[in-house]
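# Tertiary structure, described
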Amino acid sequence: MRLILLGPPGAGKGTQAQRLVTKHGIVQLSTGDMLRAAVAAGTPVGLKAKAVMESGGLVSDEIVIGIIRDRIAEPDAAKGFILDGFPRTVAQAEALEAMLTEQKLKLDAVIELEVDQNALVGRIVHRAEEAKAAGQPVRKDDDPEVFKTRLAAYNRDTAAVTPFYAAKGQLKKVDGMKPITEVAGAIDAILGG
Ligand code: AMP
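These figures come from a predicted structure and were not determined experimentally.

The subject of this paragraph is the site of the ligand. Lining the immediate surroundings of the ligand are 16 residues, of which Thr31, Arg36, Gly57, Gly85 and Gln92 lie closest. Contact between the ligand and valine 59: a nitrogen atom at 3.0 Å from a main-chain N or O atom of the residue. Between the ligand and glycine 85 there is a distance of 2.9 Å, counted from a nitrogen atom to a backbone nitrogen or oxygen. Burial of the ligand by the protein chains amounts to 96% of its free accessible area of 480 Å². Of all the elements, helix α2 (residues 31-41) adds the most residues to the shell around the ligand, at four residues. Counted by class, the shell around the ligand contains six nonpolar, five polar and five charged residues.

The structure is reproduced here in structure tokens:
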């Protein structure tokens, strides 16, 4: 099974992706997680991405497309994957399509979590508080000011990815404002249970 989860930062893509990983035995490919790992490891990609990520901007298409190209080729991705946080631009969506066509692979679904953007800052603040309470590191970009920049980047560059898939008849929408279990149920219904 190969899926894309779309939606603005804080929409719940990561939460739903983790559940689908367990349910379907596929891997979650989060470009955000991969970039954070690169930053933590101080790799050349991490060094290039660090400042952009901390400011809430988008890392270059070239970098993230390269990361996904390599990751999709790993053996554990052969059974299927969920893309979470990629594609974030139409150029990334086009590059992904070319990669999949080249490997004769098809997407099973593209699911957008539709949310009220006004509620998202509150969710992000909550996520930061939860991480802190659990003794986990708090993401530097889970800060209300940086979050505004992330949302602006979404509206400027990523919102156009949704019509890209809608035009291909691949887009399904789910109400991401519902409780996590209901969102999960709606996703499962799309995926056939
Ligand atoms: P996320 O964990 O998906 O919210 O991503 C955190 C940050 O990583 C984003 O704010 C961007 O700076 C960067 N990032 C993650 N995925 C992408 C992508 N597909 N394209 C560009 N930048 C990305």
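Following the structure, the description resumes.
Applying the stated criterion across every chain yields a total of 16 salt bridges. A salt bridge links arginine 150 to aspartate 141, with the nearest nitrogen and oxygen atoms 3.7 Å apart. Here arginine 150 matches aspartate 141 in class, with each residue buried.

Time to look at unusual backbone geometry. In this structure, the amide linkage connecting phenylalanine 86 to the following residue, proline 87, adopts the cis form with an omega of 0 degrees. At lysine 104, a residue that is not glycine, the phi angle is positive and equals roughly 55 degrees. Its location among the elements puts lysine 104 in the loop between α5 (90-102) and β4 (109-114). You can call lysine 104 exposed: its relative accessible area is 76%.

All right, on to the sheet that holds strand β5 (residues 171-175) then. Remark on secondary structure: sheet strands pair via backbone hydrogen bonds, oriented parallel or antiparallel. Reading across the sheet, the five strands line up as β2-β3-β1-β4-β5 and stay open at both edges, with parallel pairing between neighbours. Here the strands that pair on one side only, and so sit at the sheet edges, are β2 (27-30) and β5. Recorded for the sheet is a direction-independent mean angle of 25 degrees between the axes of neighbouring strands. Pairing of strand β1 (residues 2-6) with β4 involves four bridges; the strand directions are parallel. Along β4, the bridge assignment pairs leucine 3 with alanine 109. Contacting β1, β2, β3 (81-84) and β4, helix α1 (residues 13-24) runs over the sheet at an angle of about 175 degrees to β3. Its contacts with the sheet place helix α9 (residues 180-190) against β4 and β5, and it is angled at close to 155 degrees to β5.

Here the focus is helix α6 (residues 120-133). Here α6 contains 14 residues, and its C-alpha end-to-end distance of 20 Å stays within 8% of the 20 Å for a straight helix at 1.5 Å per residue. Taken together, the buried positions of α6 are Leu120, Ile124, Ala128 and Ala131. With its buried residues spanning 85 degrees around the axis, α6 presents them on a single face. Every exposed residue of α6 that faces more than 90 degrees away from the buried side is listed here: Glu129 and Ala133. Of the surrounding elements, those touching the buried residues of α6 are α7 (144-158). Directly beyond the C-terminal end of α6, a positive phi value near 75 degrees is found at glycine 135.

Before going further, it helps to examine the packing of helix α4 (residues 61-72) against α5. Two elements in contact, α4 and α5, have axes separated by 10 Å at closest approach and are oriented at 25 degrees. In terms of axis orientation, α4 runs roughly parallel to α5. As α4 packs across α5, the resulting crossing turns out to be right-handed. The residues of α5 that touch α4, namely those facing Asp61, Val64, Ile65, Ile68, Arg69 and Ile72, are Ala91, Gln92, Ala95, Leu96 and Met99. Here the contact of α4 with α5 is built from residues that sort into eight nonpolar, one polar and two charged.

Parameters and conventions
Residues numbered from 1 in each chain as written. Predicted model: local features only at pLDDT ≥ 70, side-chain atom pairs only at ≥ 80, totals over all residues. Heavy atoms only, no water. Near = heavy atom within 4 Å. Polar contact = N/O pair within 3.5 Å; in protein donor to acceptor, adjacent residues only side chain to side chain. Areas by Shrake-Rupley, 256 points an atom, 1.4 Å probe, with all protein chains shown as cover. Helix = DSSP H or I, 4+ residues; strand = E, 2+ residues; numbered from the N terminus. Nonpolar A, V, L, I, M, F, W, Y, C, P; charged D, E, K, R; others polar. Salt bridge = Lys/Arg side-chain N within 4 Å of Asp/Glu carboxyl O. Buried < 20%, exposed > 50% of the residue type's maximum accessible area, 1.4 Å probe, protein only. Pairing = 2+ DSSP bridges. Axes fitted to C-alpha atoms, helices over the stretch in contact; angles between N-to-C directions. Contact = heavy atoms within 4.5 Å. Expected span 1.5 Å × (residues − 1). Arc of directions from axis to C-beta. Parallel < 35°, antiparallel > 145°, perpendicular 65-115°, else oblique. Left-handed = near helix turned anticlockwise from the far one by under 90°.

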